[in-house]
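The residues making up each chain are set out below.
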Amino acid sequence: MQRGSSERELAARWEAEAVAAAKAQAAKAAERVRVDAGAAGEPERKAREEQAKAPVPARPRAAEEGDARVLPRPPPTLPMFKPKPAPERGPCPHGKPRSKGRSCKRSSGRRSEEYRSQRPVTVDSSKARTSLDALKISIRQLKWKEIPLGRRLPCDIYWHGVSFHDNDIFSGQVNKFPGMTEMVRKITLSRAVRTMQNLFPEEYNFYPRSWILPDEFQLFVAQVRMVKDGDPSWKPTFIVKPDGGCQGDGIYLIKDPSDIRLAGTLQSRPAVVQEYICKPLLIDKLKFDIRLYVLLKSLDPLEIYIARDGLSRFCTEPYQEPTSKNLHHIFMHLTNYSLNIHSGNFVHSDSASTGSKRTFSSILCRLSSKGIDIKKVWSDIISLVIKTVIALTPELKVFYQLDIPAGRPGPTCFQILGFDILLMKNLKPILLEVNANPSMRIEHEQELSPGVFENVPSLVDEEVKVAVIRDTLRLVDPLKKQRESHFPATYVDRKLRFPPLSDRVSSSKLHLSKLSVVRSQQLGKPSAMKEDPPESEQVTTSDSNPNPEAHLPSICLKQVFPKYAKQFNYLRLVDRMANLFIRFLGIKGTMKLGPTGFRTFIRNCKLSSSSLSMAAVDILYIDITRRWNSMTLDQRDSGMCLQAFIEAFFYLAQKKFKMPPLHEQVASLIDLCEYHLSLLDEKRLACGRSGTLGGRPPHSGTSQEATPAAPLAEGSPPPCRHELSHPRHALS
């Protein structure tokens, strides 16, 4: 609409309102009785003065109490409106010509971005369950907005208590990966680590040797008998863990394979049997383990963070090496908190360095006081965590593409994992298990009287777990980049924004202020310095400071990958095999490879030869697939699972490349497959370009963008890897 027409309409509307107000005022004056002049008072006098000064008001004045004495007046007349000439439309502040009746799009977009950057992050906590209390504290510290009952509108972050499928989500971020619960079950974890042990036995010796029951019971018996025949003095102890067990449920120790409880339990509840670690590190003559919290922030690209502090859970009976007499003493051998809390010797303590549950940092301080190299311990633990996640990610990718196929809308995922680690007497870390849903409760049950329990806050749990959840949210903050782009000056290093107190206050005043702080803490009163720092050095409040993290401590989660990627990328062979597997799945939304997909893989990678015909390929597929399907409980889909594909890939690598070790054979076959697939992609791209050019043949020279395998001549295989260089450095 033209500016002149809009102003004319506005003037006409004002004139109509003035006429209506005058008529109503005249009718009101005729019906009322005249009152004394003193009743009208000052309002009437002011009204007359204003009338004399401005006989034609721009807008009608509202009726007041003293207006009853005012005689009716004719409706005011407005002067003829003269439209103002439209100003010249110069360029907008960004240099672009202005359009009629519209503001600059970039300015309006900037305003909307500023709104998004300043609004609080929303967190749906309706499915948080046991982690709700710690989550609420974290959201309150971050000054975000909690949605406790859920809502129809999308939220920025969804916090689930159990699995990815707790709620149907199509956007935002969710704190669970699809398939993680299945991946860290004891049988699945053992198979994944065993695959890596076949490739890199020395790198994965942190996981005890395991057998899956009942499938490998006969193998377990035969191997134990063979070792005993070779070394009669060997008296091992084994621990049996149910596959779906948690919190120590169903775990027991045995000295001989014949002691396994086979009576109907293994068929309905499979289990894993492992070598028991008989020589753990002891503190106060007690066995303990470590619960470390690991954040898997992204799957592709892989991002791993480790919390700087964790929990140490202690047994409640002095440790003795297992014998036939003490095998059943669970409070001596099992470190599970859920078991030992029922012991009469369990000690609840609010101190981080005493009691039956302590912080891991207090254990490290104690070890450091004895002259132990703490950096070496941390380096080994970081290596263990990275290698374990590398073993889990290949099958996680298959689960991920099942629930969130490429090209379809869906949430991004992150997850906090609980790693249970045992330190041996020689300080070597041993992986016990990985928990997809580590307990985030910040209180414990205390028995007030027989059978009467009360939830009591646990300061040790709160100190560690709230920091982990809060800093996880800070790392996945979806609005952080927008705030940093709009307010870059407030996101500089806090060390630069807030210089040390000693640089701003004299030493005498600093000493007095410290004394006042200590005295006020003893008296229970807040401390206050007598002199405030200069205005330029004062910390702005949260209202004026757009950085919501100014009041928070430094992040307790330390990135270990991709920080140390150069030292561990050589281990990611199975990850590359998973990418090949997913490429040939064909139909999206499935986890098993059909016979046609497997034949296409062999054909496209040019793996068939005179020694490996396509008929032999079909037989290989049938044999391996049938064996793996008989071992899995899930019979909904038929086809080759990832583990079966890996076994077939190992067979093909050993058949094509005769030179051991296995990891070099597998790496060479992966290189060969990726090389032929890159040539195939290049041909498809060239055909697509020729189609867009109207059937004209493509240029004879191949561009660098379309030839990822340019250094290799077509038809010649890539060079085989006979050695893998992987520098080993201490991880701090």
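The structure we're discussing is the one just above.
Residues numbered from 1 in each chain as written. Predicted model: local features only at pLDDT ≥ 70, side-chain atom pairs only at ≥ 80, totals over all residues. Heavy atoms only, no water.

Quick one: what's the story with the environment of Lys145, residue by residue and with numbers?
With respect to the secondary-structure elements, Lys145 resides in strand 2 (residues 145-147). Taking the C-alpha atoms as reference points, Lys145 and Val123, separated by 22 residues in sequence, lie 6.3 Å from one another. Filtering out sequence-adjacent residues up to four positions away, Lys145 remains in contact with Pro120, Val121, Thr122, Val123 and Ile139. (Helix = DSSP H or I, 4+ residues; strand = E, 2+ residues; numbered from the N terminus. Contact = heavy atoms within 4.5 Å.)

Which residues make up the pattern of salt bridges, and what values go with them?
Enumeration over the complete set of coordinates arrives at 28 salt bridges. A salt bridge links Glu303 to Lys297; the shortest N-O distance between them is 3.9 Å. Overall, the relative accessible area of 22% leaves Lys297 in the partly exposed class. Sharing partners across several salt bridges, the network here consists of Asp289, Arg291, Arg313 and Asp420. (Salt bridge = Lys/Arg side-chain N within 4 Å of Asp/Glu carboxyl O. Buried < 20%, exposed > 50% of the residue type's maximum accessible area, 1.4 Å probe, protein only.)

Tell me about empty space enclosed by the protein, residues and numbers included.
Considering all chains together, one arrives at three cavities of 30 Å³ or more under this definition. Mapped by element, the contributors of at least two residues to the lining of the largest cavity are helix 6 (186-199), helix 12 (374-403) and helix 22 (642-656). Taken together, the residues of the lining of the largest cavity break down into seven nonpolar, two polar and one charged. Counted as a void, the second largest cavity has a volume near 40 Å³. Mapped by element, the contributors of at least two residues to the lining of the second largest cavity are helix 6 and strand 16 (429-435). Here the lining of the second largest cavity is composed, by residue class, of four nonpolar, one polar and three charged. (1 Å grid on protein atoms, 1.4 Å probe; cavity = no way out; pocket = protein on both sides within 12 Å on 5 of 7 lines; lining within 4 Å. Points joined across faces, edges and corners; volume = space filled by probe spheres on them. Nonpolar A, V, L, I, M, F, W, Y, C, P; charged D, E, K, R; others polar.)

Can you explain the packing of helix 6 against helix 22? Please cite residues and give values.
Look at helix 6 against helix 22: their axes get within 12 Å of each other, and the N-to-C directions meet at 15°. Taken together, helix 6 and helix 22 sit at an angle that is classed as roughly parallel. Seen from above, helix 6 lies across helix 22 with left-handed handedness. Each of Arg191, Ala192, Thr195 and Leu199 in helix 6 lies in contact with helix 22, whose residues at this interface are Gln643, Ile646 and Phe650. Partitioned by chemical class, the residues of the contact of helix 6 with helix 22 number four nonpolar, two polar and one charged. (Axes fitted to C-alpha atoms, helices over the stretch in contact; angles between N-to-C directions. Parallel < 35°, antiparallel > 145°, perpendicular 65-115°, else oblique. Left-handed = near helix turned anticlockwise from the far one by under 90°.)

Explain the packing of helix 20 (residues 595-604) against helix 22 residue by residue, including any values.
Between helix 20 and helix 22, the least distance of the axes is 13 Å, while the angle of their chain directions is 30°. Here helix 20 is positioned roughly parallel relative to helix 22, judged by the angle of their axes. Here helix 20 and helix 22 pass one another in a crossing that is right-handed. Along its contact with helix 20, which presents Phe598, Phe601 and Ile602, the element helix 22 presents Phe645, Ala648, Phe649 and Leu652. Here the contact of helix 20 with helix 22 is built from residues that sort into seven nonpolar, no polar and no charged.

Describe the side chain of Arg572, with residues and values.
Here Arg572 lies in the loop between helix 18 (565-568) and helix 19 (573-583). In contact with Arg572, other than residues within four places in its own chain, are Leu302, Ile390 and Phe561.

Which residues make up the nonpolar core, and what are the values?
Within the largest apolar cluster, 110 residues are counted, with the highest numbers of intra-cluster contacts made by Phe419, Phe598, Phe601, Phe649 and Val666. Counting residues per element, this core draws most heavily on helix 12, which supplies 15 residues. In contact with Val666, other than residues within four places in its own chain, are Leu199, Leu573, Met577, Phe649, Phe650 and Ala653. Ala307, Leu311, Ile442 and Leu552 belong to the second largest nonpolar core, which has 33 residues in total. (Core = buried A, V, L, I, M, F, W, Y, C linked by side-chain atoms within 4.5 Å.)

Let's hear about helix 6: which residues, and what values?
The first and last C-alpha atoms of helix 6 sit 20 Å apart over 14 residues, in line with the 20 Å expected at 1.5 Å per residue. Of all 14 residues in helix 6, 10 are buried; the element is thus mostly enclosed. Buried within helix 6 we find Lys186, Ile187, Leu189, Ser190, Arg191, Ala192, Val193, Thr195, Met196 and Leu199. (Expected span 1.5 Å × (residues − 1).)

An account of the state of the cysteines is needed here, citing residue identities and associated values.
Evaluated as defined, the whole model comprises zero disulfides. Free cysteine Cys605: the closest other cysteine sulfur is in Cys673, separated by 3.8 Å. Cys605 gets classed as buried once you look at its relative accessible area, which sits at 0%. (Disulfide = S-S within 2.5 Å.)

Which residues make up helix 12, and what values do they have?
Under the 1.5 Å per step criterion, the end-to-end length of helix 12 is 42 Å for 30 residues, consistent within 8% with the ideal 44 Å. Helix geometry: helix 12 is bent most strongly at Thr393, by close to 35°, with proline Pro394 lying one to four residues after it. The element helix 12 is extensively covered by neighbouring structure, given that 24 of its 30 residues are classed as buried. Its side-chain oxygen 3.3 Å from the backbone nitrogen of Lys375, Asp373 forms the N-cap of helix 12. (Bend = angle between axes of the 7 residues up to and from the residue. Polar contact = N/O pair within 3.5 Å; in protein donor to acceptor, adjacent residues only side chain to side chain.)

Lay out the pairing of strand 17 (residues 443-449) in plain terms, naming residues and giving numbers.
Sheet topology places strand 17 next to strand 18 (residues 452-457); six bridges connect them, and they run antiparallel. Counted as the bridge partner of Ser449 is Val452 from strand 18. What sits between the antiparallel neighbours strand 17 and strand 18 is a turn of two residues, in which Gly451 has the positive phi angle 85°. (Pairing = 2+ DSSP bridges.)

Could you give an account of the sheet that holds strand 5 (residues 210-213), with specific residues and numbers?
Adjacent strands of a sheet pair through backbone hydrogen bonds, lying either parallel or antiparallel. A sheet is described by the order of its strands in space; here four strands give the open sequence 5-8-6-7, paired in antiparallel fashion. The strands lining the two open edges of the sheet, one partner per strand, are strand 5 and strand 7 (252-254). Adjacent strand axes in the sheet meet at a mean angle of 25°, parallel and antiparallel pairs treated alike. Of the pairings in the sheet, the one linking strand 6 (residues 238-242) to strand 8 (residues 271-275) comprises five bridges and is antiparallel in character. Considered in strand 8, the bridge of Ile239 is made with Gln274. Together, strand 5, strand 6 and strand 8 form the strand contacts of helix 6, whose direction differs from that of strand 5 by roughly 135°. Along the sheet, helix 7 (residues 217-230) contacts strand 5, strand 6 and strand 8; its crossing angle with strand 5, the most-contacted strand, is approximately 145°.

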